[in-house]
Amino acid sequence: MGANGPRRRETVSSLPKLRRAWREMINAVREDHAMMRHYDQKYAAESRDQPSGLARDLVSRIGFQMLAACRAMRFCADAEIPLAPRLASRLIRHVYASDIHWEAELEPGIVVVHGMGLAVSRAARVHRGVILFQNVTLGMGTDPVSRSVGAPVIEHGAHVGAGSTLIGPITVGARSKITANCLLRTSVPRDSLVEAPAPTVSVRARRESQTRSEADT
């Protein structure tokens, strides 16, 4: 009895932490689902009349499924379960090809579209209402002027388009939109639109003319 006493007290003292972490995980998943359905109504006409339930969407919506896996990973971190956050991170990397640190601050009520190819640093912070598309990077970096080191903060309601890379201690203001394939290393104010340069399009020479030109030479 005496030998088991400290271990029993430790288990009992950890129960409130486990309960709190569990409640936070469940609430976060519910808020993520509610926000996803909110944006479905706003942007995805084909999804408005589709049957929807949390369990159904966990199976059929990969972005939501991956985000729920991140919530479970954070539960392991908040509950201080040894090695579990690292194991969950590795599983997410292998299953969804996304590298998301368990200490990244992902507020409840965000949306991940497709859920593949994300890279999110431990110091990144993503606020409620944000949409992250596939292949987005929120990475650590150094500010070229202040030389401070950090990762992006994405404020409420901002959208980060597919393939965009945001580096360093920058802030993307609330309700801003970062379009696809942007490289951003400076902060942008609220309600901004950030667009990548349009691709250059030119006439492609016909293969026959190229072959003839090569023969003439």
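Presented here is a report on the structure given in the accompanying data block. Keep in mind the model is a prediction, meaning the values are calculated, not measured. (Residues numbered from 1 in each chain as written. Predicted model: local features only at pLDDT ≥ 70, side-chain atom pairs only at ≥ 80, totals over all residues. Heavy atoms only, no water.)

Once that is clear, we can look at the pattern of salt bridges. Counted by the stated rule, this structure contains eleven salt bridges. The partner of glutamate 103 in a salt bridge is arginine 122, and the shortest N-O contact between them spans 2.7 Å. In this pair, glutamate 103 sits in the loop between strand E1 (99-100) and strand E2 (105-106) while arginine 122 sits in the loop between strand E4 (119-120) and strand E5 (125-126), placing the two residues 19 residues apart along the sequence. Given a relative accessible area of 46%, arginine 122 falls into the partly exposed group. Among the ionic pairs, arginine 190 bridges to glutamate 155, the shortest N-O distance being 3.9 Å. Taken as a pair, arginine 190 in the loop between strand E15 (183-184) and strand E16 (193-194) and glutamate 155 in the loop between strand E10 (153-154) and strand E11 (159-160) lie far apart in primary sequence, 35 residues in all. Three or more residues are tied together by salt bridges with common partners; here these are Arg37, Asp40 and Arg61. (Salt bridge = Lys/Arg side-chain N within 4 Å of Asp/Glu carboxyl O. Helix = DSSP H or I, 4+ residues; strand = E, 2+ residues; numbered from the N terminus. Buried < 20%, exposed > 50% of the residue type's maximum accessible area, 1.4 Å probe, protein only.)

With that settled, the discussion passes to the packing of helix H3 (residues 62-78) against helix H4 (residues 84-96). The interhelical angle for the contact between H3 and H4, taken along N-to-C directions, is 165°, at an axis separation of 8 Å. In this view, H3 runs roughly antiparallel relative to H4, as classed from their interaxial angle. You can see that H3 and H4 cross each other, and the crossing is left-handed. Contact residues: H3 offers Ile62, Gln65, Met66, Ala69, Cys70, Met73, Cys76 and Ala77, while H4 offers Ala84, Pro85, Ala88, Ser89, Ile92 and Tyr96. Taken together, the residues of the contact of H3 with H4 break down into twelve nonpolar, two polar and no charged. (Axes fitted to C-alpha atoms, helices over the stretch in contact; angles between N-to-C directions. Parallel < 35°, antiparallel > 145°, perpendicular 65-115°, else oblique. Left-handed = near helix turned anticlockwise from the far one by under 90°. Contact = heavy atoms within 4.5 Å. Nonpolar A, V, L, I, M, F, W, Y, C, P; charged D, E, K, R; others polar.)

Formed by 33 residues in total, the largest nonpolar core has its most connected members in Met66, Ile100, Leu138, Ile154, Leu166, Val172 and Leu184. At the level of elements, H3 and H4 are the ones that each hand at least two residues to this core. Examining the composition of this core, we find that four residues originate from one element, H3, more than from any other. If sequence neighbours within four positions are ignored, leucine 184 has contacts with Thr165, Leu166, Ile167, Ile170, Val172, Ile178 and Val194. In terms of nonpolar packing, the next biggest core, distinct from the first, is built from eight residues, Met35, Tyr39, Phe64 and Ala68 among them. (Core = buried A, V, L, I, M, F, W, Y, C linked by side-chain atoms within 4.5 Å.)

The next subject is the sheet that holds strand E13 (residues 171-172). The strands making up a sheet associate through backbone hydrogen bonding, with each pair oriented either parallel or antiparallel. Read from one edge of the open sheet, four strands run E2-E5-E10-E13, paired in parallel fashion. Each edge of the sheet is formed by a strand with only one pairing partner; in this case those strands are E2 and E13. Where E10 and E13 come together, two bridges link them in parallel fashion. Bridge assignment links isoleucine 154 to a residue of E13, and that residue is valine 172. (Pairing = 2+ DSSP bridges.)

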